[in-house]
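Observations on the model geometry
So the chains spell out like this:
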Amino acid sequence: MQIGDKVSVLDDNISGIVTALGGNTVTLETSDGFELVYQKNELIVLDGSLSKRDLIPKDVLSIISEKEQKKPGKTKRVKPKERNAPAMEVDLHIHQLVPSTRGMDNYDMLTIQLDTAKRQLEFAISKRIQKVVFIHGVGAGVLRTELEYLFRQYDNVKYYDADFQKYGRGATEIYIYQNV
């Protein structure tokens, strides 16, 4: 590029003649008499031998799609019922956890249920799941008491009875605080 060359701006419909060169900048004078400063990589030298067709890139559609702004996709509306629905349910009934309880005493069954509850709680905390419902059943309340003891060991967990209409008295819902 030299002083006196006719140049055109790549991303604009502006052309003119180079009047000054300074490092990486080029000053050009438009046909209207305005002096504009551009970077060298923003300009292309126009020579009479090049036609406009030679300046058009081969893959025009990809360049046009690159220039257009992407429209954000539609968000799905969440119904009010689904907003309060827990993200995760854990059924602690022993027949859901093991294929057979033959040869197990109550202590073994309770240990399996508590280990499952602790593992699922740790999973929910690691995956940043905020609400979890532990379904323990009504029974004598031993599992429920042990679950409450487990939940009290975590500072970022609040527990309360789950939705009575859906679970009755046999479930406890926990809320896990994320920023503690």
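Only a predicted model underlies this, so the values are computations on that prediction, with no experimental measurement involved. What you see as residue numbers is a count from 1 along each chain, following the sequence as written. At least 70 in pLDDT is required for a residue's local features to be given in this predicted model, at least 80 for side-chain atom pairs to be given and counted, and no such filter applies to totals for whole chains, interfaces and linings, which use all residues. Heavy atoms throughout the structure, all of them, feed into the side-chain values; hydrogens and water do not.

1. Overview of the pairing of strand 1 (residues 6–9)
Residues in a regular strand point their side chains to alternate faces of the sheet. Note the following rule: In this analysis, strands are considered paired if DSSP registers two or more bridges between them. Each helix is a run of H or I in the DSSP string that is no shorter than four residues. Each strand is a run of E no shorter than two, and both are numbered from the N terminus.
As judged from the three bridges shared by strand 1 and strand 2 (residues 15–22), these two strands associate in the antiparallel manner. Across the sheet, the residue bridging to Lys6 is Ile17, located in strand 2. Remark: five residues form the turn of the hairpin made by strand 1 and strand 2, two consecutive strands paired antiparallel. Examined bridge by bridge, strand 1 and strand 5 (residues 43–45) share three bridges and lie antiparallel to one another. Its bridge partner being in strand 5, Val7 is matched across the sheet by Val45.

2. Thoughts on the pattern of salt bridges
Let me state the cut-off plainly: Here a salt bridge means any side-chain nitrogen of Lys or Arg lying within 4 Å of a carboxyl oxygen belonging to Asp or Glu. Whether a residue is buried, partly exposed or exposed follows from its accessible area with a 1.4 Å probe, protein chains only, as a fraction of its type maximum: under 20%, in between, or over 50%, in that order.
Scanning the model with the defined rule gives three salt bridges in all. Between Lys166 and Glu89 there is a salt bridge; the shortest N-O distance is 3.3 Å. Placement of Lys166 in helix 7 (residues 164–167) and of Glu89 in strand 6 (residues 88–91) is noted, with a sequence separation of 77 residues between them. Judged by relative accessible area, which is 53%, Lys166 ranks as exposed. Judged by relative accessible area, Glu89 falls into the partly exposed class, the value being 42%. We note a salt bridge from Glu148 to Arg144, for which the minimum N-O separation is 3.4 Å. One end of the pair is Glu148 and the other is Arg144, both in helix 6 (residues 142–152) and four residues apart, which spans about a single turn. Each of the salt bridges in this network shares a partner with another, and the network as a whole consists of Arg144, Glu148 and Asp161.

3. A look at the packing of helix 5 (residues 106–126) against helix 6
Just so we agree on the cut-off: Fitted lines through C-alpha atoms give the axes, limited to the stretch in contact for helices. The angle between two N-to-C directions lies from 0 to 180 degrees. Crossings are sorted by hand: turned counterclockwise from the far helix by less than a right angle, the near helix makes the crossing left-handed, and turned clockwise it makes it right-handed. Here, two residues are considered to be in contact whenever any of their heavy atoms come within 4.5 Å of each other. When residue character is reported, Ala, Val, Leu, Ile, Met, Phe, Trp, Tyr, Cys and Pro are called nonpolar, Asp, Glu, Lys and Arg charged, and the others, Gly included, polar.
Contact geometry for helix 5 and helix 6: axes closest at 11 Å, N-to-C directions at 35 degrees. Seen from above, helix 5 lies across helix 6 with right-handed handedness. Each of Leu110, Gln113, Leu114, Ala117, Lys118 and Leu121 in helix 5 lies in contact with helix 6, whose residues at this interface are Val142, Leu143, Glu146, Leu147, Leu150 and Phe151. In terms of residue class, the contact of helix 5 with helix 6 is built from nine nonpolar, one polar and two charged.

4. Regarding the sheet that holds strand 3 (residues 25–30)
Ordered by their spatial adjacency, five strands build an open sheet running 4-3-2-1-5, and the pairing between neighbours is antiparallel. Both edges of this open sheet fall to strand 4 (35–39) and strand 5, since each of them pairs with a single strand only. Pairs of neighbouring strands in the sheet enclose a mean axial angle of 45 degrees, with direction left out of account.

5. Quick word on the sheet that holds strand 8 (residues 157–161)
Strand order in the open sheet formed by four strands is 6-7-9-8, with mixed pairing between adjacent strands. Every other strand in the sheet has two partners, leaving strand 6 and strand 8 as the edge strands with one partner each. Ignoring which end each strand starts from, the neighbouring axes of this sheet average 20 degrees apart. In this structure, strand 7 (residues 131–135) lies alongside strand 9 (residues 171–176), joined through five bridges in antiparallel fashion.

6. Side note on helix 5
As a reminder, the rule being used: What a helix should span is 1.5 Å times the count of its residues minus one. The directions from the helix axis to the C-beta atoms are what the arc is built from.
The terminal C-alpha atoms of helix 5, which comprises 21 residues, lie 30 Å apart, in line with the 30 Å expected from a rise of 1.5 Å per residue. All of the buried residues along helix 5 are Met109, Leu110, Gln113, Leu114, Thr116, Ala117, Leu121 and Ala124. Seen from one end, helix 5 has its buried residues packed into an arc of 160 degrees, which puts them on one side. Of the residues in helix 5, the exposed ones pointing more than 90 degrees away from the buried face are Tyr107 and Ser126. Lining the buried residues of helix 5 we find strand 6, helix 4 (94–97), strand 7, helix 6, strand 8 and strand 9. The first or second residue beyond helix 5 is Arg128, which carries a positive phi of 60 degrees.

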